[in-house]
Amino acid sequence: MSQETNKPIDIKKLLKSVLHFDSSDLHLVPGSEPQIRIDKSLKPLNLPILSAKEIEEMAYALIEDKQKKIFEDKNELDFSFELENVGRFRANYYRTIGGIACAFRMIPIDIPPLEKFNNNPIFKELVKREKGLILVTGPTGSGKSTTLASMLHEINLTESKHIITIEDPVEFVHTNIKSLFSQREVGSDTSSFATALKYALRQDPDVILIGEMRDKETIEAALTAAETGHIVFATLHTNSAPATINRIIDVFDSGEQAQARAQLASSLISVISQSLMPRIGGGIVATQEVLIANPAIQNLIREDKVHQIYSQMQLNQNETNMTTQSDQLLTLLRKKVISKETAITASNRPEELIKILQNM
């Protein structure tokens, strides 16, 4: 890709390059040429180094005056938008010591079915539940939003449900097939996740998606909704299923934790902890650690024995449909999909993985 230096760079052309190179992200940072992320690695485009003024002009070309005011007041802005014949993007504007910087994430317009990315077949059974909490966790850029969108899409294909999503910003836009979607964006459609959840229970939902459980108030509302006849999907930034349980309990004061454990034990359906890593030969592949809240897991949560959950996940996996990240990594290694170095770097239990590999 080339650009004449005497012409301003067209932000829409830059965004088209994300699609053209099959990349996931575009980064604009003052003092650097534009860069895109391909298979988890940043690659510079063959373009001039950007000045702060050039980035500011490109950034403001995509937003309205109201959004510009929010950014200038807070120095942060999250939003999503769609470019005709290109795709949908999630954007974040932020300030650096050099000026405005931007990160754009490509969002597929067509929502992938659950089968597309080798998702665990148990997911199709989990989404049939009538009430409870399903958590999809992992670091930023691990595909959580895509997995959740695919799960909601499965419900949309098979069930007549009212699905309310609360997101910041709205990413995947769902078309009503069998289900009815009400998609709400924090900031423009509601003031906060917690507020939207409070009123969602009066909007006759069957399914609620919470883009992120960020605080105690949101977690409390999510647990209540999951206990009272709704299936609730949500995300957290944790790297394993047991860590997710601890994160939820730890937001509560010590005097409230016993009640929180009881609520979580009774309402939890599953924790899916996801990570993405580069394939040998190009591309990326996902691992999905899956915890299913069977009676044994529920008892461990209730009795504050979260440290024993991992051992329970390793037992009788064919019967329980649970899997650990280490199991997934070993499967990918045996199939020569990923390298040993990638597996160890990506592992949330590298010592365990190294010990297994030494004994193989």
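Here, the structure is the one placed above.
Residues numbered from 1 in each chain as written. Predicted model: local features only at pLDDT ≥ 70, side-chain atom pairs only at ≥ 80, totals over all residues. Heavy atoms only, no water.

Caption draft 1: Spotlight on the overall build of the chain. Of the regular secondary structure elements, the chain holds 15 helices and 13 strands. Computed over its C-alpha atoms, the radius of gyration of the chain comes to 22 Å, within 12% of the 21 Å expected for a compact globule of 360 residues. Dimensions along the principal axes, computed over C-alpha positions, put the chain at roughly 65 × 55 × 40 Å. For the chain, the residues scored as buried account for 48% of the 360 residues in total. (Helix = DSSP H or I, 4+ residues; strand = E, 2+ residues; numbered from the N terminus. Rg over C-alpha atoms; globule rule 2.2 N^0.38 Å. Buried < 20%, exposed > 50% of the residue type's maximum accessible area, 1.4 Å probe, protein only.)

Caption draft 2: Spotlight on the sheet that holds strand E4 (residues 76-83). In spatial order, the strands read E3-E2-E1-E6-E5-E4; together these 6 strands make up an open sheet with antiparallel pairing. Of all strands in the sheet, those with a lone pairing partner are strand E3 (41-44) and E4, marking the two edges. Pairwise comparison of adjacent strand axes, ignoring direction, gives a mean angle of 25° for this sheet. In the sheet, strand E1 (residues 25-28) pairs with strand E2 (residues 35-38) via 3 bridges, with the strands oriented antiparallel. Note that in E2 the partner of histidine 27 across the bridge is glutamine 35. In the packing of helix H1 (residues 11-20) onto the sheet, the strands contacted are E1, E2, E4, strand E5 (87-96) and strand E6 (99-107), and the crossing angle to E1 comes to about 145°. Packing of helix H3 (residues 65-74) onto the sheet brings it into contact with E4, E5 and E6, and relative to E4 it is tilted by some 155°. (Pairing = 2+ DSSP bridges. Axes fitted to C-alpha atoms, helices over the stretch in contact; angles between N-to-C directions. Contact = heavy atoms within 4.5 Å.)

Caption draft 3: Focus on the packing of aromatic side chains. Under the criterion given, the structure shown has 6 aromatic pairs. On the numbers, 6.0 Å between centres and 80° between planes, the contact of phenylalanine 71 with tyrosine 93 is edge-to-face. Taken together, the positions of phenylalanine 71 in helix H3 and tyrosine 93 in strand E5 put the pair 22 residues apart, joining distant regions of the chain. Per residue, the accessibility class of phenylalanine 71 equals that of tyrosine 93, and both read buried. Between the aromatic rings of phenylalanine 81 and phenylalanine 89, the centroid separation amounts to 5.5 Å while the plane-to-plane angle is 20°, which identifies the pairing as stacked. (Phe/Tyr/Trp six-rings, centres within 6.5 Å; stacked < 30°, edge-to-face > 60°.)

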